[in-house]
Amino acid sequence: MKPFQNLSKSIKAKNPISIFTKNLSNFPLDSRNITNDLISIFTKQPFSSNNPELESLAPLLNTKVVETVLNGLKNWKIALHFFTWASNQGPYKHNVYAYNAMASILSHARQKAPLRALSMDVVNSRCLMSPGALGFLIRCLGNAGLVVEANLLFDQVQKMGLCVPNSYSYTCLLEVLSKSSCIDLIEMRLKEMNDHGWGFDKYTLTPVLQVYCNTAEFDKALDVFNEIHNRGWVDEYVFSILVLAFSKWGKVDKACELIETMQEKNVRLNKKTFCSLIYGFVKESRVDKALHLFDKMKKSGFAPDISLYDVIIGGLCVNKDVKKALCLYSEMKEFKIQPDAKIVTMLISSFSKEEELTCFFEEMHEDIDPKASTLLYNSVLTSLVDNGSAHKAYHLLQAIMTGNCIGDGEIGRLFRGKAMVPPNTTTFSIVINGLIKTGNLDLAVGLFRDMARIGCKPGLLLYNNLIDALCTSDRLQESCGLLQEMEDSGVEPTSFTNNCIFGCLCRRHDISGALHLLKKMRIHGHVPWIKHSTSLVKELCKHRKEVEACKFLADMAEEGFQPDIVAYSACLDGLIKIQEVDQALKLFQDMCAQGYRPDVIAYNILIKGLCKTQRIAEAQNLLHEMEEKGLVPSAVTYNTLIDGLCKTDHLEEAMLFLSMMIEKEREPNAITYSTLINGLCNAGRPDDALVLWNEMGRKGCTPSSIAYMAFIHGLSNCGRPNEALVYLREMEEREMKPDTYVYVALLSAFLVDSNPPLAFEILQEMVDKGKFPDLHDKNHISVRNAILKLSEDARTCSSIKNLLAKGIIPSASLSVTGIKDGDGAAI
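What UniProt states about the protein under its Sequence similarities (unreviewed entry) heading is, verbatim, "Belongs to the PPR family. P subfamily."

What follows is the structure, given as structure tokens:
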């Protein structure tokens, strides 16, 4: 934004105006009765739209009655129901105040979809409004995060002549736009205000300052701040915006400078800003600045709370500044603030010297009563667990339970002579969870049993963690036993609890067990996690149990749990892999009949199956069906069809699909081109294949090793070995390693082309690179025949014999070829 010296000097500061009057004392008695009756009818359950009393009240509706009823309804759904009903009672018509009452309710309830529809309805109904009413509606949209809708509404009401915005309307819009990061838009609106002659005030410039701060445009932010300052409008809120922005973006020193400036001008920070800055400084590892600000906060008369001590002590502990952390701990006691487990744990974890820990431990014992001592023990246990010493924590807890010292180690000396307080549920939870995380599940289970024996009742979280760990370790029987104990003790299992066991059953492929649990989950209103049922279906299909997978999905649906489309797709894929294409098509049709909307992946699976079985016409029909349903075919869709068409000798149609991909902005990839190039080579059209290969390069599509090998193989089979060799060298330059079949194709092609020397060069390269096929390789016979031909050619015979003599070519595999050495003996 340009400097502000060119802005209008006129200042028209406006306070927000009140739109609604909720005081019923000035409301006529008849209207009050109508209002109360309507509220009673709409809040009474069950509601009936055919209520005779409602029909008699409809003709008495007016905008004031509707507005008052809306403000009297506590539930947004009921309010929207009433608002919709009223809009259908002609000749009544909503005015802007009724719309704003409904907008306010929806905005407070954060109901974006109905609020968005309401803003459209305001425009479509051509509802006239004052600038103040427009501003109120804009703010309602902004408070719900509908920034785009607010900006659109502002333009629409002007264009349709429904309202002429004033400076207040613009200010409201700027406030909403400040919640986004669109600087260009807010600058455009500011220019509009200036062009219309509307003056800028503090309420106009503050949101502009906010958006620049949000986007770290500090030069522009300072320009706006200076403008506000020069006009004498700077207050605590304006200062706070800039200070917090500096802190947020890591400009700690700049924030501190600004705080000093604020103090010089007698502008005080509020407690919320103090806290935010302290949090920000600690986050940036500037604990020194945080402490300085903390002292200022206390001198300003604000009492610190435990959360602030938590943050600063935590920062000091991270920096290993234990002395200052302990000073703050002592200060907390002076303020009568009881330290929580987090603070004590952080302090204990930060002590590097045993003396510090012992001193702190002694001080804690002096300050707290036996009951509060549990906090200290729990903090020590947490520290041990967090530092990877879950075993030490386990032995300490054993000592606490028995009331004995645990030895001469550091922990033993700390607890020697101290009265051992009974452990509580938290104590056990700390150690059990630590043992679970370190894989000591047996110890965790044993400790859980000890817990029950001494009368400590486990909570839901501990049950869940232990059941989850047992299920992950495939200890299903123990998990189910623990679930039963949980229910018997009155702890209600959650969806998480049942899903842990459901997941274990699915991983075991225990279909009957999984279905039995689903019945139980349905009764309790628990929904099975999709990932587990999908995983089971995938595993069943992987083990060629597609029929069982389909039945499981059907049984799930019978229990009222609709499987995810991913699970159905996995089942479709399994059926396709065993060539049960018709069964897959039937399952697909059943899915659609049940209301599922198959995605692109599901269609791709079916198209692939149809193409593999050469049912190309049906595959193309599925493509058309996809497009009719509004789905956009992917590159995989087109590639699959192109592959099917190439393999069924429909090359021209395959090329049309390539053109279609480009037209529909589905960029062909290396697979697309490789498939077509391979198809052209197989059809004896190497020149067309070369054209397409070059086009692939021009399109910036880098060939993969598979593409190179298919091209080289294709050119070789078309009797173009010299060109194939060029691309082999290019492939090697790109550090790609060809497979054996590529060398074999080149070797055979050079022999057919009557070029034994180059054929031998390829054979030599195969040997040197370890690509010589063994006896069980399907390429072995071709290579053996090639060697025989090379041994019969005068130009390569001696080289072949030399390789055989040195054992570079395994002679055992060539004993039947009839090659003889110089003495006439068979090799």
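A. Summary view of the overall build of the protein. A count of helical and extended segments in the protein gives 45 helices and 0 strands. Residues classed as buried in the protein amount to 49% of the 827 residues present. For the protein, the accessible area works out to roughly 40,300 Å², and carbon and sulfur atoms hold 52% of it.

B. Fine view of the packing of aromatic side chains. One pass over the structure, following the stated rule, counts 15 aromatic pairs. Considering the side-chain rings of Phe 42 and Phe 82, the 5.2 Å spacing of their centres and the 85° angle between planes classify their relative orientation as edge-to-face. With Phe 42 in helix α1 (residues 29-43) and Phe 82 in helix α4 (residues 76-87), the pair connects residues that are 40 residues apart, well separated along the chain. Both residues of the pair, Phe 42 and Phe 82, belong to the buried class. Taking 5.5 Å as the distance between ring centres and 70° as the angle between the ring planes, the aromatic pair formed by Phe 448 and Tyr 463 counts as edge-to-face. With a gap of 15 residues between them, Phe 448 in helix α25 (residues 441-453) and Tyr 463 in helix α26 (residues 460-472) connect regions that are remote in the sequence. Accessibility assignment for this pair places Phe 448 and Tyr 463 in one class, buried. Members of the aromatic cluster, connected to one another through ring pairs, are Trp 693, Tyr 708, Phe 711 and Tyr 727.

C. Geometry of the side chain of Thr 740. For Thr 740, the location among the structural elements is in helix α42 (residues 740-752). By relative accessible area, which is 16% here, Thr 740 ends up buried. If sequence neighbours within four positions are ignored, Thr 740 has contacts with Met 766, Lys 771, Pro 773 and Asn 779.

D. Structural detail: α25. In this model α25 runs 19 Å from its N-terminal to its C-terminal C-alpha over 13 residues, within 8% of the 18 Å that 1.5 Å per residue would give. Buried within α25 are the following residues: Leu 441, Ala 444, Val 445, Leu 447, Phe 448, Asp 450 and Met 451. Looking at the packing, one finds that the buried side of α25 touches α22 (390-402), α24 (425-437), α26 and α27 (476-488). Gly 455 occupies a position one or two residues after α25 and carries a positive phi of about 85°.

E. Geometry of helix α32 (residues 565-577). With 13 residues, α32 extends 18 Å from end C-alpha to end C-alpha; this agrees with the ideal 18 Å at 1.5 Å per step. Counting buried positions along α32 gives 10 out of 13 residues, so the element sits mostly inside the fold. Those residues of α32 that fall on the buried side of the exposure criterion are Ile 565, Ala 567, Tyr 568, Ser 569, Ala 570, Cys 571, Leu 572, Gly 574, Leu 575 and Ile 576. In the core, the buried residues of α32 are packed alongside α30 (530-542), α31 (546-558), α33 (581-593) and α34 (600-612). Directly beyond the C-terminal end of α32, a positive phi value near 65° is found at Gln 579.

F. Region of the structure containing the environment of Val 726. When you line up the elements, Val 726 lands in helix α41 (residues 721-733). Taking C-alpha positions, Val 726 is 8.9 Å from Ile 712, a pair spaced 14 residues apart along the chain.

G. Main features of unusual backbone geometry. Cis geometry is found at the peptide bond from Gly 90 to Pro 91, where omega equals 5°. Turning to its location among the elements, Pro 91 is positioned in the loop between α4 and α5 (96-108). Phi angles above zero are rare outside glycine, and Arg 110 is one such case at about 55°. Among the secondary structure elements, Arg 110 is positioned in the loop between α5 and α6 (112-124). Accessibility expressed as a relative area gives 48% for Arg 110, which makes it partly exposed. With phi around 60°, Lys 320 is a residue other than glycine that occupies positive phi space. Its place among the elements puts Lys 320 in the loop between α17 (306-318) and α18 (322-334).

What counts and what doesn't
- Residues numbered from 1 in each chain as written.
- Predicted model: local features only at pLDDT ≥ 70, side-chain atom pairs only at ≥ 80, totals over all residues.
- Heavy atoms only, no water.
- UniProt positions renumbered as here; feature names shortened; annotations may be inferred.
- Helix = DSSP H or I, 4+ residues; strand = E, 2+ residues; numbered from the N terminus.
- Buried < 20%, exposed > 50% of the residue type's maximum accessible area, 1.4 Å probe, protein only.
- Areas by Shrake-Rupley, 256 points an atom, 1.4 Å probe, with all protein chains shown as cover.
- Phe/Tyr/Trp six-rings, centres within 6.5 Å; stacked < 30°, edge-to-face > 60°.
- Contact = heavy atoms within 4.5 Å.
- Expected span 1.5 Å × (residues − 1).

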